[in-house]
Each structure stands twice: as C-alpha cells, then as structure tokens.
Amino acid sequence: MRGRRTPLRRVWSALFNGYGLLFLAFLYLPLGLIVVYSFNANPINMAVWTGFTLDWYATIFRGASVEGNFDAAFTESPERIFAVVRNSFAVALLAAGLSTVIGTATALALARFRFVGRRFYQALLLLPMLVPDIVLGIALLIFFVGAGIELGLLTIVIGHVTFLSSYVFVVVSARLAGMDTTLEQASADLGAGPITTFRRITLPQIMPGVVGGFLLAFIISLDDVVITYFIAGVGSQTLPLFVLAMMRRGLRPQITALAVLILLFSFAVASIGLFLRSRKP
Amino acid sequence: MLYFHNSKKHWMRRRGVHRLGFLQIATAYKEYQTPEGPPVKALNGVSIDVRNNEFLTLLGPSGCGKTTLLKCIAGFEDLDGGDLLLDGLSLRSVPAHRRPFNTVFQNYALFPHMNVSQNVGYGLDVARVARAERDRRVAEMLEMVGLAGLGGRRPSQLSGGQQQRVALARSLVLKPRVLLLDEPLSALDRKMREAMQIELKTLQHSVGITFVFVTHDQGEALAMSDRIAVLAQGRLQQIGTPTEVYDRPANEFVANFVGTSNLFTGRVIAQDGPDLTVETANGRRLRAQGTGFSMGDAVRLVLRPEHLAIVAPDQGQPGCIIDGRVTDAVFVGSVIQVHADVGFGRRVMLLHPHDSRNAQLDIAPGAAVRIAYAPASAHLIAAEGGLAG
Amino acid sequence: MKGDTVRTRQRNTLLLLLAPVTLILAAFFMVPLGIVVVYSFLEPGLYGGVEWTWYPFNYGRILGWPLNDYEEFDPIYLLIFLNSLKFALLTVLFSLLICYPAAFWVSRMRAGRKGLVLFLITLPFFTSFLIRIYAWLLLLRPTGFINTTLQTAGLIAEPLDMLFSGFAVVLGMVYIFTPFMFLPIYANVEKLDHSLIRASQDLGANPVQTFLRVILPLTAPGIAAGSVIVFIPALGNFIVPSFLGGSKVQMTGNVIERSFLQSRDWPFGAALALLVMASVVLVLMVHAVRSGRSRDRVVA
C-alpha cells in the first residue's frame, strides 16, 4: 500500500504547489508590474519599455523642473504632494491614536467585567466593520452637514475613529483573552492599586496587541478612500483622495512612481505589524 | 517583632502581640447565580476564628467553598453576608490591594515579563521601598527559600518547585499578617509534594506568620496543620487539631472524608457511664465509648481500619467482636488491606500488619475471621437519619 | 466609606472604560445611520437640501411603489441593484474558487514556510486598494500589459476589449477581496480534524466522496464567513466599477455617489443606501441563524 501511495501523493503535492505558485503570482504580478513600469522611461505607453529612468520619482520630489521627456502640465508639484502626505499622516496618527485608546479601554471593559449589556456591546462593536463603507460615508456626510460641522481634516478623523475603534477592539480583545487573569489578582494581592496593576502588569502583557491594533488602525486610516471621500470636504485632501483625483485625470507615470512609494511604505508598516502580532508574550 | 510593612498602602500598624480574635470570619455567606435554577450557596454561614501564628488548613472536596472563602479573605470576592474582622475591625470596605494578606496562587501567577528578583521585589516596589533595602530584603528572602543566586532567571526557566518558592518568597517578603495558600502543591509530583509539605511547615514556624492553607487532600492537611477546618457544601463541618478531627470526627462527613471509616448505624440500648452498647437494625450489638449520649439515641459508630484486628476465635472482648468472611486481601506494602463480608450485605475494611509473626492467621479470601477492637477506639457520632447497619 | 465595596469601585471603573466608545458610536454611528433612514423618507429640496415632509416616494422611484405625480418609477434603479447583486455574488463565487484550494495548499505546509506564505498572502490586504485597482487598469487597458504582450507575441491582431466591462469589475473586486475570503477559510481548514478524513477513506469512500461528504461540510463555516465578509463590501462598492467599469457598468454605489455629490438628491441616495443596508442586514441575519443552528446541531 505504501509504495502505491507515494507517487500519488507526489502528484498531489506538485498540483498543490503549482496552484499555490499561480495563486501568489496572481496576487503579486500586478503589483510587480507597477514597480517595473515606474522605472520605464516611456512617458506615453507604460507597457512599452523604452529605457530605465528614475525621473518619475524625481518629479515627486522636485516637480516639473526635472529634465526629462514628460508632460509638465500633467505633473503634480512636490508641494502639493507633500501637503497631501502630511494631511494623511496627521489624520492617520491622530485617528489611530484615539481609536487605540478607545478600543483598548472597551476591550478591557468587556473582557474583565461581567455586566448586563455585555453581549449587546459585543455585537454593537462589530457593526462598524460590517456596515458598507459607502453607507457610513453618506451617513456621516448628512450628519456633519446637518449639525453644521464644517467638513475638513477634523471630520475625517472623527469618521475614522468611529470604525477604527472596532478594529483595535478586536485585536486587543484577542490578546486579553489569551492572558492569565491571575496575574492581575497577584498584583493586587501584593499591594498594587488598580491603576498600578494596569500599568505594570496588564499593559505590558497586552502591549503587542495594542501596538498591533495601532498599526492596523494607522494603515487602514492612511488607505481609506470611500468614507474619506464623502466627508473630506473641499479644502482638505488626503493621499488616497489625491491619487483618486490623479487617476481620474488619466494615467501618468508620476502616479505609478507615487504608487510604488506608497506600496513600499505600506509593506514596511504592515510587516512590522504582522511581526508584532506573531510574537508570543 | 511582627509589623505590617507596606508604607502608604496599609491601613493600620500593629505589633505582633497575640490577640483574641485575630482574624475572625463571622457567619460568612456568599451565593452565586446559576443560569439554570436557584442560586448556589458557596458559603452558608461559615464562622472561623483564625489564631495568630497558626497553620490552619481549610479542607474539603471541590465545591465545598474553601477556595471561595480564601478569595473573600484576600479580597478578590465580596461576601454577600456576614463579615471579616481583623483585630476587631471590619475588612468589608477594604479592597484587596490594601489588605495585609498575601496569596500564593495555585498556578503561582509569576509575572512572565519580569525575572525572579523583580517578581519577588514587586510588592516592595509598589510600596515605594528604597532600592537598597528592597534589594537586601529580596536577597534575604531568596536565601530563605533556597533560591539564592537565581534572581536573574525568568519564571519560564525554572522548574515547578522553584516557581513555587518564588511565589512564596514574593508573598513572604512583604511580611503579611496572614499568608493565604490556594492548593499550592497540587501541581507538583508526589515526592516533591511531600518534601514541600515539610518545608512549608518549617517555614511557617520560622517566620511566625499565620498560614491559611487550602487543600482537598486530607493527608496533606493532617501532615501540616495546627488546626484543620473541614468544609462541605459551604458549611463548616468541624474545626480542630489533626488528631481531634481524625480520632473524634464530629459527623459522618468528616469521618468519611478524613481517613477511611467503617460506619455502623444503630440506637443506644445500654449505658454504663461512658460505656455504651449500640444495637444496629440487623441486631448486631457493638460497644463503644462516648459522652453526651442517652438511651435510645440514634448514633453512628465509627471504626477506623487500623483499630480493627483479626484475632483468634477465642480472643476479643464481648461486644467488640464482628465475625465475617474475607473477600479481598490487598497488599499495599507495609500493611494488607483486608476486606471482609460481615453479614447482612455489610463489608468492613481493616489493616492487617504484614508481619511474619501473624502468618498463622488465615486471611486468604474465603477464610472465616473474627474481627475485634478495643471499645475505647470506637467513636460515636449523632446520626442524622437511620440506615441499616 | 460606608457601602463603598469592591463592587461599587468596579462599577465606576467599568463606566469610565465604556464611556468613550459609547459616546463615539452613539453620536457618530447610530445617530448618522438613523438620519439616513429618516432622510430616505424626506422630500428633496429644489436647490439641494431637504424639505421636512413625509415623502416615501423616493422608494417609489426605485421600487415602483409608492408613487406620486412627481416621481416616476424608473426600473433602471432596480436593474442596477440587481446588477450589483449579480456582481457581488460573482465576486464571492470566484474568490471562493480561487481561495479554497489555496487554503489547503498553505495548510499542508511545514511550520516555517507556512508563516512566510501566510505573511505574503496577507500583505496585499494592507496596501492601498486604489493602487491595486490601478495595477489592473495598467494590465487590462488596450495599451496595457496583457494586450501589448499578446500583440507582440503575435497571438492577437487587435487589442482585446477587457476594460470597462463587467468582467473587469468582477476581476478587480476578486483581486481586492481575496485576502478577506482567504483568511476565514484558511482558519477553518487549519482546524480540520484529519482523523475524520482518514476515517472516511478507511470506510471505503473514494476521494470525491470524501471531499463532498466530509471535507466540504466541515469547511462550510469558513466558506460562509468568507462569503459574507466579501459580499458586503462588494455590494456597495463604487470605486471599482468607476475605474474598471466606466460608464457602461453601473453599480448601486455609483448611483448613490452621484446622488450625493452631483445631483444633490440626498433623500434618493439615502433610500438607495437603505436598500443596500437592508440586503446586508438580511445576509447577516441569515448567516447568524444558520451558524447558530449548525452549532446546535453539532452539540446535539
């Protein structure tokens, strides 16, 4: 029996591995293509390779003053790009920070206390993640306009915090669930008040979860398109909205270069986040 | 001189003079809600006066309330009724982190992100003790529990026995008024357990702190305690020294839980001072000794296996004899457990010394034997209900 | 300190911890959603804005009833909605077909490689989804990678018209939602009890039977969860059809977007949004009921 199974098993393995490689190719080929195109000197048709250049990257930092064969009218100025990047980062940091605090507090409350509305809260916290972006976006738009709140970076932050808290909640809850509760009892037993216990025992234990939650929230905020689209208003623009506008105007190599930079940054942050989550206490 | 050390966090200082009513548990009552049916009474009016400097064990089967009581003393749970008094003052509004008690947890609860020294010094840190003194006391304590030099290790790098000592050291370094131990030896293997039992007892003597120890192992309780409080179903069954609890169990539960017993139920039919004769429902007449019983009382007679002996057909005092037939003889090393059928469907168990001198007495299965005991070793308990004996 | 027991202190801490999220969700989630519901029953004002009168006729425009003199039933909206449903379901189907074997592939791996591959699969989820759509634009357009390669290889004479079609929209959505579908299925597959599969083989079932009767039912929860997680955002999507579908392919999301930001007919947009929400709630309820029931069945 064993001899007959081995060739069959090898066929299965080969099939699976082949499929797996195709799967990974499907995921990464499009992204790899953008990277390649960003170095293509051809300003008209990115698919036709004419030569290697870093010009497109240069235009991001130095604008239309870079020497090269491209259409200056379709290039965004570095000032504009940096302003937009700065907006995105400011919003993401603030939104991620606030939602980390809120999400962690909520996770602690639901994990450490038994109370009447607990099940209700657990369901309620999942809702913002389940509601389609567009519904939430228009809901917030109507709300802000109706309440007379001016649309701008602040409304974006509020909108983001609303649904990011749920993401942080889920991540920190998972971490809390895996934590030994007698540690907190031991700390109290040894004379530490609730705040000291939280600071010296609970927080260090859940820290990977908290940081992971923060990074997750940060990235989601940075990349958010739909909700931000509705509540950004005229004066403020974030990076995704900026890219969206550029894409609507037509495909240009500068977008490709910018896209690659965004890609690299996302990869870096995501790697740190995923690495932290995989670490054991 | 014993004084409670934690500076800002404790609520009073006292010198360690023995006082009446040191730690009083007064009619402790606690119930839990269950999803199906009525609430469960975890503690149902338990009153215990814990004495200063004693090794008190809370003994009972799982669910008897011993761990709940310990948690209430420590402050992790609230009492629903009754009170907890330390030196006459109620502890009910004092939160756990301000009570002058420390707990050794069943799973040790060592902080994994700190090393041994940091774990042991945690309570001192929290109390803002000066670093030099903290280090000195930590080193002293590690020495006392036999872990000198291991201060830099992480808990995960230690054996079970070592982790347990760290937990002990961490609690003792704070010089608590009472040390609470929640089945701390249950995770250790047998040899380690027996060694630790002796060590704990010695430690308690040398530091002079009251130990309240929770266990379900009656052997452990008997070995270590100054007094044992037997609990069942949220109620205190008996409290006394190990010999008191073993030789003179107050009721059937204690008789069965602490050690093994052969129980006979009957009525007192003759009384001559402390000497009583009990007649069972099957007509068996057995003598016993006890005070506080009168004619006609329903009683249970407790005979421990070690008090029964197999004798020759012509030996044994009248009224202290049970005739039967051997059903099993189990060799357990130093003794042989002999199970005998003594009629009316009853069986008794007795311990027969494994000794070549008694070789002529036949104890093979099927052999007829005469079992005898001394009347003074038969202990009487008031019966709660009549059962065939 | 009379009456100030451990429990009172605990309750105060609990209230303090729950206050922020309660305020945020109440003010910026529940209330806005409530307003959407209200708005869908309001009359659109002449110059944008709303008239506060009871006006259920927005729904009439979409569904055919109720109607008044001003609103005409335009079946196009229903068609677009059905179209969106169709695309969402196709997205679920294809991402399922793609991810299901992949989950088994990863599950069979050794520990070290498994972690790396999982990391690689999850990574695209964290990149900007606009960029991922952009990549497909570059791939699919007449002068894009696929066409250029095929033409250079001489396989086709004219560029294929792949962009601005339902095909492109579904393809784009599948690409974006693959990690969403993969993770729940993978979690399920990882927890599969292999002794059950061996038992099935031992009892004489051939691979197809084992798959249909043992593996498939056991992985059903993961499939259900992944499908729900993909269906919901796919239904309301408007960015993907906007770029990869052009004006030829319309989803409800596009109509909603236009109602709010161009034609300024907010009540109508709200009504459409509510239609989408209703579908989402329906799907979630069905899923909750079915997963609850199957859990009971397992226990029994």
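Being a predicted model, the structure only gives us computed values, none of them experimental. (Residues numbered from 1 in each chain as written. Chains lettered and ligands numbered in written order. Predicted model: local features only at pLDDT ≥ 70, side-chain atom pairs only at ≥ 80, totals over all residues. Heavy atoms only, no water.)

(A) View of the overall build of chain A. Looking only at helices and strands, chain A has 11 helices and zero strands in total. Secondary structure of chain A in N-to-C order comes out as α-α-α-α-α-α-α-α-α-α-α. Judged by the C-alpha coordinates and their principal axes, chain A covers about 75 × 75 × 35 Å. Within chain A, the proportion of its 281 residues that are buried is 56%. For chain A, the proportion of contacts with a sequence separation of at least 24, taken over those separated by at least 6, is 68%. Split by element, the accessible area of chain A, about 12600 Å² in all, is 67% carbon and sulfur. Separation of charge centres in chain A, based on 21 positive and 12 negative side chains, amounts to 18 Å. (Helix = DSSP H or I, 4+ residues; strand = E, 2+ residues; numbered from the N terminus. Buried < 20%, exposed > 50% of the residue type's maximum accessible area, 1.4 Å probe, protein only. Contact = heavy atoms within 4.5 Å. Areas by Shrake-Rupley, 256 points an atom, 1.4 Å probe, with all protein chains shown as cover. Lys, Arg positive; Asp, Glu negative; His and termini not counted. Charge placed at Lys NZ, Arg CZ, Asp CG, Glu CD.)

(B) Geometry of the pairing of strand 12 (residues 275-280) of chain B. Residues and elements named next belong to chain B. Across six bridges, strand 11 (residues 262-272) lies against strand 12 in antiparallel orientation. From the neighbouring strand, Arg 267 faces strand 12, where its bridge partner is Glu 279. Where strand 12 and strand 13 (residues 285-289) come together, five bridges link them in antiparallel fashion. Across the sheet, the residue bridging to Asp 275 is Gln 289, located in strand 13. The turn linking strand 12 back onto strand 13 is made up of four residues, and Gly 283 within it adopts a positive phi angle of 85°. (Pairing = 2+ DSSP bridges.)

(C) Spotlight on the confidence of the model for chain B. Residues and elements named next belong to chain B. Looking at chain B, pLDDT values average 85 and 92% of them are 70 or higher. Under a pLDDT of 50 for its full length, residues 1-19 has, in the predicted model, 44 contacts with residues more than four places off or in other chains. Note on residues 385-389: pLDDT under 50 across the span, and 13 contacts to partners over four residues away in sequence or across chains. Two summary scores accompany this predicted model of the complex, namely pTM at 0.78 and ipTM at 0.85. (pLDDT = per-residue confidence, 0-100.)

(D) Seen up close, the side chain of B:Arg304. Residue and element names in this part refer to chain B. Tracing the chain through its elements places Arg 304 in the loop between strand 14 (298-303) and strand 15 (309-311). One buried charged residue, Arg 304, forms no salt bridge at all, with the nearest opposite charge on Glu 306 at 4.9 Å. A distance of 2.7 Å separates the side chain of Arg 304 from the backbone oxygen of Val 258, its partner in a polar contact. The contact partners of Arg 304, leaving out residues within four places of it in the chain, are Val 245, Tyr 246, Pro 249, Ala 255, Val 258, Gly 259, Thr 260, Ser 261 and Asn 262. (Salt bridge = Lys/Arg side-chain N within 4 Å of Asp/Glu carboxyl O. Polar contact = N/O pair within 3.5 Å; in protein donor to acceptor, adjacent residues only side chain to side chain.)

(E) Structural view of empty space enclosed by the protein. A complete count under the given rule lists five cavities of 30 Å³ or more for this structure. What the largest cavity holds in volume is close to 80 Å³. Lining of the largest cavity is provided by 10 residues; of these, A:Gly212, A:Leu216, A:Gly273, A:Leu274 and C:Phe126 occupy positions nearest its centre. Elements supplying a minimum of two residues to the lining of the largest cavity: helix 8 (194-223) and helix 11 (253-278) of chain A. By residue number, the principal contributor to the lining of the largest cavity is helix 11 of chain A, which donates five residues. (1 Å grid on protein atoms, 1.4 Å probe; cavity = no way out; pocket = protein on both sides within 12 Å on 5 of 7 lines; lining within 4 Å. Points joined across faces, edges and corners; volume = space filled by probe spheres on them.)

(F) Here's a closer look at the packing of helix 10 (residues 239-249) of chain A against helix 5 (residues 129-140) of chain C. Interhelical geometry of helix 10 of chain A versus helix 5 of chain C gives an angle of 20° and a closest axis separation of 10 Å. Judged by the inter-axis angle, helix 10 of chain A sits roughly parallel to helix 5 of chain C. Seen along the crossing, helix 10 of chain A lies across helix 5 of chain C with a hand that is left-handed. Every residue of helix 5 of chain C that contacts helix 10 of chain A at A:Pro240, A:Val243, A:Leu244 and A:Met247 is listed here: C:Leu130, C:Tyr134 and C:Leu137. Among the residues making up the contact of helix 10 of chain A with helix 5 of chain C, the classes are represented as seven nonpolar, no polar and no charged. (Axes fitted to C-alpha atoms, helices over the stretch in contact; angles between N-to-C directions. Parallel < 35°, antiparallel > 145°, perpendicular 65-115°, else oblique. Left-handed = near helix turned anticlockwise from the far one by under 90°. Nonpolar A, V, L, I, M, F, W, Y, C, P; charged D, E, K, R; others polar.)

(G) Spotlight on the sheet that holds strand 6 (residues 101-104) of chain B. Residues and elements named next belong to chain B. The six strands lie next to each other as 6-7-8-3-9-10, forming an open sheet whose pairing is mixed. Bordering the open sheet on either side are strand 6 and strand 10 (235-240), each of which pairs with just one other strand. In this sheet, adjacent strand axes meet at a mean angle of 20° when their direction is disregarded. Taken together, the five bridges between strand 7 (residues 178-182) and strand 8 (residues 210-215) define a ladder with parallel strand orientation. Bridge pairing in strand 8 places Val 178 opposite Thr 210. Against the sheet, helix 1 (residues 66-74) contacts strand 3 (55-59), strand 6, strand 7, strand 8 and strand 9 (227-232), and its axis sits at roughly 145° relative to strand 7.

(H) Layout of a nonpolar patch on the surface. Residues and elements named next belong to chain A. Where nonpolar side chains cluster on the molecular surface, the patch consists of Leu 8, Val 11, Trp 12 and Leu 15 and spans about 410 Å² of accessible area. If you trace the backbone, Val 11 turns up in helix 1 (residues 2-37). Judged by relative accessible area, which is 47%, Val 11 ranks as partly exposed. (Patch = residues over 30% accessible without salt bridge, like charges linked within 9 Å, V, L, I, M, F, W, Y side chains within 5 Å.)

(I) The arrangement of the sheet that holds strand 4 (residues 81-86) of chain B in detail. Residues and elements named next belong to chain B. Strand order in the open sheet made by the four strands is 2-1-4-5, with antiparallel pairing throughout. Where the open sheet ends on each side, the last strands, each with one partner, are strand 2 (40-50) and strand 5 (89-90). Pairing geometry for strand 1 (residues 23-32) and strand 4, over five bridges, is antiparallel. Bridge pairing in strand 4 links Ile 25 to Leu 84. Where helix 1 meets the sheet, its contacts fall on strand 1, strand 2 and strand 4, and the angle it forms with strand 1 comes to roughly 120°.

(J) Quick peek at the pattern of salt bridges. Taken as a whole, this structure holds 22 salt bridges over all chains when the rule is applied. For the salt bridge of B:Glu279 with B:Arg285, the shortest nitrogen-to-oxygen distance reads 3.2 Å. The network of salt bridges with common partners includes A:Arg200, B:Asp125, B:Arg134 and B:Asp135.

(K) The packing of aromatic side chains, seen in detail. Under the defined criterion, the tally for this structure stands at 35 aromatic pairs over all chains. Taking the centre distance of 5.4 Å and the plane angle of 35° together, the rings of A:Phe39 and A:Tyr57 count as tilted. Taken together, the positions of A:Phe39 in the loop between helix 1 and helix 2 (55-62) and A:Tyr57 in helix 2 put the pair 18 residues apart, joining distant regions of the chain. For the ring pair C:Trp136 and C:Tyr175, a centre distance of 5.4 Å and an interplane angle of 75° mean the geometry is edge-to-face. Of this pair, C:Trp136 sits in helix 5 while C:Tyr175 is found in helix 7 (residues 166-190), placing the two residues 39 residues apart along the sequence. Through pairs of rings, three or more aromatic residues link up here, namely A:Phe89, A:Phe214, A:Phe218 and A:Phe265. Here the guanidinium or amino end of B:Arg346 rests over the ring plane of B:Phe264, the centre of that ring lying 4.4 Å away. (Phe/Tyr/Trp six-rings, centres within 6.5 Å; stacked < 30°, edge-to-face > 60°. Lys NZ or Arg CZ within 6 Å of the ring centre and 35° of its normal.)

(L) Inspection of the interface of chain A and chain C at higher detail. Every contact between the two is made by 75 residues of chain A and, on the other side, 76 residues of chain C. Counting the surface lost from both chain A and chain C, the interface buries some 7100 Å², and carbon and sulfur atoms represent 84% of this. Summed over the shared surface of chain A and chain C, the number is zero salt bridges. At the boundary of chain A and chain C, one finds nine residue pairs in polar contact (both at pLDDT 80 or more). Considering only residue class, the side of chain A that touches chain C consists of 63 nonpolar, nine polar and three charged. (Buried area = accessible area lost by both parts, 1.4 Å probe.)

(M) Highlighting unusual backbone geometry. One non-glycine residue, B:Gln233, adopts positive backbone phi at about 50°. By the element assignment, B:Gln233 lies in the loop between strand 9 and strand 10. Unusually for a residue other than glycine, C:Phe164 sits at a positive phi of about 55°. Mapping C:Phe164 onto the fold places it in the loop between helix 6 (145-152) and helix 7.

(N) Layout of the environment of A:Ile255. By the element assignment, A:Ile255 lies in helix 11. Sequence separation between A:Ile255 and A:Ile60 is 195 residues, and the spatial gap between their C-alpha atoms is 9.1 Å. The residues contacting A:Ile255, other than those within four sequence positions of it, are A:Val243, A:Met246, A:Met247, A:Gly250 and C:Tyr134.

(O) Quick look at the pairing of strand 1 of chain B. Pairing geometry for strand 1 of chain B and strand 2 of chain B, over eight bridges, is antiparallel. Across the sheet, residue B:Lys30 finds its bridge partner in strand 2 of chain B, namely B:Leu43.

(P) Representation of the nonpolar core. Of all hydrophobic cores here, the largest spans 179 residues; its most connected members are A:Phe230, C:Phe182 and C:Ile239. Look past the residues within four positions of C:Phe182 in its chain and what remains in contact with it is A:Phe23, C:Cys99, C:Ala102, C:Ala103, C:Val106, C:Leu118 and C:Ile121. Core analysis: the next-biggest nonpolar cluster, separate from the first, contains 46 residues, A:Leu183, A:Ile201, B:Ala109 and B:Leu150 among them. (Core = buried A, V, L, I, M, F, W, Y, C linked by side-chain atoms within 4.5 Å.)

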